[in-house]
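Survey of secondary and tertiary structure
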Amino acid sequence: MTSSSGSQDRDADALPPPGAEVPVEAGPALDAAQGQETEGAAAIDPEEAERLAAQREAEEKEAAEREARLQRLMQKIAAHADFASMKDSVRSMQKVSRSEKAHTRALTGEISNDIAMTGKLLRLVNAAFYSSAGGGSITSMERAVALMGFQTIGMVASSLMLFERLPKTADGNRLRQEFGRAQMAALLAHEMCNSSKHIEGAYLNALFQNLGSMLAGMHFAEDTAAIEARLQAEGLLEGESAWHDKREKLARQQWGLGFEEIGVEVAKSWGWPESVRVAMRSLAPSSLERPAGPEEYQRVLCTAANRLAGDLLRLPGGGNAEERAEARKACVDRFAAEMGVPLNLDPEVLPAVVEQVKLVWDDLAKTLGFDPVAVPVKAKTAEKASEKAPEKAAAKPAPAPAPAARPAAAPAPANPVMAEALSAALERVSELVLSGAPAAKLLQLCMKEMQDALQLQRVIVCLRDPTSGGLRGRMGMGERAQELAPVFDIPLKPPSELFGLLCSKGADTLISDASDPVIAQRLPPWYAKQVRAQTFVLLPMVAGEQVLGAFYGDQAVAGGLQIGERELRLLKTLRNQVVMAMRFGGAGPG
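Residues numbered from 1 in each chain as written. Predicted model: local features only at pLDDT ≥ 70, side-chain atom pairs only at ≥ 80, totals over all residues. Heavy atoms only, no water.

**Let's talk about the overall build of the chain**
What counts is decided by this rule: We count a stretch as a helix when DSSP gives it H or I for four or more residues in a row; a strand needs E for two or more, and each element gets its number in order from the N terminus. Note on exposure labels: buried denotes an accessible area under 20% of the residue type's maximum, exposed denotes more than 50%, and partly exposed covers the range between, all computed with a 1.4 Å probe on protein chains only. Residue contacts follow a heavy-atom distance rule, with two residues in contact if any of their heavy atoms lie within 4.5 Å. Areas reported here follow the Shrake-Rupley algorithm with a probe of radius 1.4 Å; residue values treat only the protein chains shown as occluding.
Within the chain, the secondary structure is distributed over 24 helices and 6 strands. In the chain, buried positions account for 47% of the 590 residues. Sequence separation of at least 24 residues holds for 67% of the intrachain contacts in the chain that already meet a minimum separation of 6. Total accessible area on the chain stands at roughly 29000 Å², and carbon and sulfur atoms take up 52% of it.

Right, dumping it as structure tokens:
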């Protein structure tokens, strides 16, 4: 301290007093310093400055073009009705999971109004966290949420919702198998994880590393098939780093974004946390000779799990059980020889771990149906476009398919105007649901939105009558709707006519010609005498096994209403929002 202070004093003594003239000797030194600054300025090459400016301009242009490509791609994806309804459901679940007042029944309502869906989710949760607390015995949503939290359960539910939306087509079958592979990767990552810090995220992050691939396959099936054909023609082995890198490169050439980038951008639009989005990007270990560092471990683990899952599922299926087990062991041994050190795996134990995962995965495959489904020869009518399984629809008690104005082999054409109107309606209804509006207000809004979007002459809401157990018309909108609403009397136990049969089965149905003799004989007398509409759509409101009510809408002339699959899905999602509010926001209108 003393030395420093003395130095400062000496420097101060050397300075001229204030107002004194600078000695003449200082002039040349000052001129020299100014000359150096002039030379430094002159040293900047005009050509170099121009090059740097051009480089900055090119970088800014490239960034703008990339942003424009991203926006175009996201708009294309968002234009699909499935994506719109999926985004709405996922973001609603995210809001529930972040709410301090969230409770389990609200999340359950966001997931599904179908008890079968909840059962599948619990089976998936048990498998996904097989070795965690509960040990495969989680039997209620309350326990699942208590053990794993709202956000984890919500994201597992999102994966199941995505799977449930896969079309029953050849492309859908390929994606169904891709989803099965992602599930195996997620199970492997969870079981192979040796870090208590990363164990909770291992399953989800491995699962969603494939989100971009599934979304591209759903929304850009032809482009995706062309990319995969190119990779196959070049002889690249699926799962290898060269295959992955070339696949991402081809995707960027086609869409401006790679498969992984698509998944990350969609996850961002869904409101998923940044930690998950970062882990969705694959990563090879920085070295095969030492353990992966804490900052890279989880991404390396999930990437490796996806690769191992692909290798296992590509093994030949021939031979007996013992031969297939030997083939799996050889595959696992090869994997352990390469990734054992980076992931700190025990090569002696790993084959048994994989066999245990295979047993759990086999059970999941039976429950969820990862295997290809039969592709229908003919296109479905609007009634069969329902997400209900064919055996659950009113096929036996009520003749199906119902006579339609269009041939059964020709699906209703897409109606962009109707789809856009329903998408906007869905957004408005969703906002009202999230605001906690009473059920009566939601029903009124939903009736108005349905009437406007589908150009219906009237919409009537039927609700459960506590006394009779059946449905009674309670409110209406449109031509003579309030007058006709009380006429609607629909017994459910037992159902005695077409409306009761369809509602008790939860079958969303479009009748294009109510005068057809096969349909007319099933309609209740009050309908033929007083309503007399020739085309109508019926959307039951079902929660679990209980029928809460139904939306009915009609047009006067036969064939006056056509609803394509995309429009039907939006319509059903609109209805489901109201069902959720009726279940968890209080009783229906008095």
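**Some words on the pattern of salt bridges**
Rule in force here: Salt bridge, as applied in this entry: a Lys or Arg side-chain nitrogen positioned within 4 Å of an Asp or Glu carboxyl oxygen.
Overall, the coordinates contain 19 salt bridges when judged by the stated rule. We note a salt bridge from Arg-480 to Glu-483, for which the minimum N-O separation is 3.3 Å. Judged by its relative accessible area of 51%, Glu-483 is exposed. A cluster of three or more residues bridged by salt bridges with shared partners is formed by Arg-230, Glu-234 and Lys-246.

**Some thoughts on the packing of helix α16 (residues 321–343) against helix α17 (residues 350–369)**
Filter applied, for reference: The axes used here are C-alpha line fits, helices contributing only the stretch in contact, and every angle between their N-to-C directions lies in the interval 0 to 180 degrees. With respect to orientation, any angle under 35 degrees is reported as roughly parallel, any angle over 145 as roughly antiparallel, any angle of 65 to 115 as roughly perpendicular, and every other angle as oblique. Each helix crossing is assigned a hand: it is left-handed if the near helix lies turned anticlockwise from the far helix by less than a right angle, otherwise right-handed if that turn is clockwise.
Two elements in contact, α16 and α17, have axes whose closest approach is 9 Å; the angle formed by their N-to-C orientations is 125 degrees. In terms of orientation, α16 lies oblique with respect to α17. The handedness of the crossing between α16 and α17 comes out as right-handed. From α16, Arg-328, Lys-329, Val-332, Asp-333, Phe-335 and Ala-336 reach across to α17, where they touch Leu-350, Pro-351, Val-354, Glu-355 and Lys-358.

**Section: unusual backbone geometry**
In this structure, the amide linkage connecting Lys-493 to the following residue, Pro-494, adopts the cis form with an omega of -10 degrees. Here Pro-494 shows up in the loop between β3 (489–490) and α21 (498–505). The phi dihedral of Gln-455 falls on the positive side, at around 55 degrees, and the residue is not glycine. Examined against the element boundaries, Gln-455 turns out to sit in the loop between α19 (439–454) and β1 (458–464). Residue Arg-480 is not a glycine yet carries a positive backbone phi of 55 degrees. Within the secondary structure, Arg-480 sits in the loop between β2 (471–478) and α20 (481–484).

**Examining the sheet that holds strand β6 (residues 546–555)**
For clarity, the threshold we go by: For two strands to pair, DSSP has to find at least two bridges joining them.
What the 6 strands build is an open sheet, ordered β3-β2-β1-β6-β5-β4; its pairing is antiparallel. The sheet is open, and its two edges are formed by β3 and β4 (509–511), each paired on a single side. When β4 meets strand β5 (residues 535–543), the two strands line up antiparallel, connected through 3 bridges. Paired with Thr-509 across the two strands is Leu-538, which belongs to β5. Along the sheet face, α21 touches β2, β3, β4, β5 and β6 and points at about 40 degrees away from the line of β5.

**Description of the confidence of the model for the chain**
Here is the rule: Values of pLDDT, the confidence the predictor places in each residue, fall between 0 and 100.
Within the chain, residue pLDDT values average 75, and 70% of them lie at 70 or more. Predicted confidence is poor over residues 130–136, with pLDDT under 50, and the contacts of this stretch with residues over four places away or in other chains come to 12 contacts.

**Here's the deal with the packing of aromatic side chains**
What counts, and what does not: Classification of ring pairs uses Phe, Tyr and Trp, with its six-membered ring standing for Trp, and accepts pairs whose centres are within 6.5 Å; under 30 degrees between planes counts as stacked, over 60 as edge-to-face, and the remaining range as tilted. We count a charge as sitting over a ring when the NZ of a lysine or the CZ of an arginine lies within 6 Å of the ring centre and within 35 degrees of the ring normal.
By the definition in use, this model includes 13 aromatic pairs. Ring geometry for Phe-488 against Phe-499: centres 6.3 Å apart, planes inclined by 65 degrees, an arrangement best described as edge-to-face. Taken together, the positions of Phe-488 in the loop between α20 and β3 and Phe-499 in helix α21 put the pair 11 residues apart, joining distant regions of the chain. The exposure class assigned to Phe-488 is buried, which follows from its relative accessible area of 0%. Relative accessible area serves as the criterion here: at 1%, Phe-499 is assigned to the buried category. When the ring centre of Phe-259 is taken as reference, the NZ or CZ atom of Arg-247 above it lies at 3.7 Å.

**Here's the deal with helix α10 (residues 211–219)**
Counting buried residues along α10, 9 of its 9 residues qualify, which places the element largely inside the surrounding structure. Taken residue by residue, α10 has Leu-211, Gly-212, Ser-213, Met-214, Leu-215, Ala-216, Gly-217, Met-218 and His-219 as its buried positions.

**Points about the environment of His-244**
Put simply, the rule is: Counted as a polar contact is a pair of N or O atoms within 3.5 Å, where, for protein atoms, one must be capable of donating a hydrogen and the other of accepting one, and residues adjacent in sequence contribute only when both atoms are in side chains.
Mapping His-244 onto the fold places it in helix α12 (residues 241–255). By relative accessible area, His-244 is classed as partly exposed at 23%. Residues His-244 and Phe-259 lie 15 residues apart in sequence; the distance between their C-alpha atoms is 9.8 Å. Excluding anything up to four places from it in sequence, His-244 contacts Glu-260 and Ser-282. Side chain to side chain, His-244 and Asp-245 meet in a polar contact 3.5 Å long.

**Some details on the nonpolar core**
Put simply, the test is: Note on terminology: a nonpolar core comprises buried Ala, Val, Leu, Ile, Met, Phe, Trp, Tyr and Cys residues joined through side-chain atoms within 4.5 Å.
In this structure, Leu-188, Met-192, Leu-211, Trp-255, Trp-272, Phe-335 and Leu-343 are the most contacted members of the largest nonpolar core, which totals 78 residues. One finds Leu-422, Leu-561, Val-578 and Met-582 within the second-largest nonpolar core, a separate group that totals 41 residues.

**Brief notes about α19**
Rule in force here: Expected helix span is computed as 1.5 Å times (number of residues minus one).
In this model, α19 (16 residues) spans 22 Å end to end at C-alpha, consistent with the 22 Å of a helix rising 1.5 Å per residue. Once α19 ends, the next one or two residues include Gln-455, with phi positive near 55 degrees.

**Here we look at the environment of Ser-512**
Within the fold, Ser-512 resides in the loop between β4 and α22 (517–520). Between the C-alpha atoms of Ser-512 and Gly-560, which are 48 residues apart in sequence, the distance is 7.4 Å.

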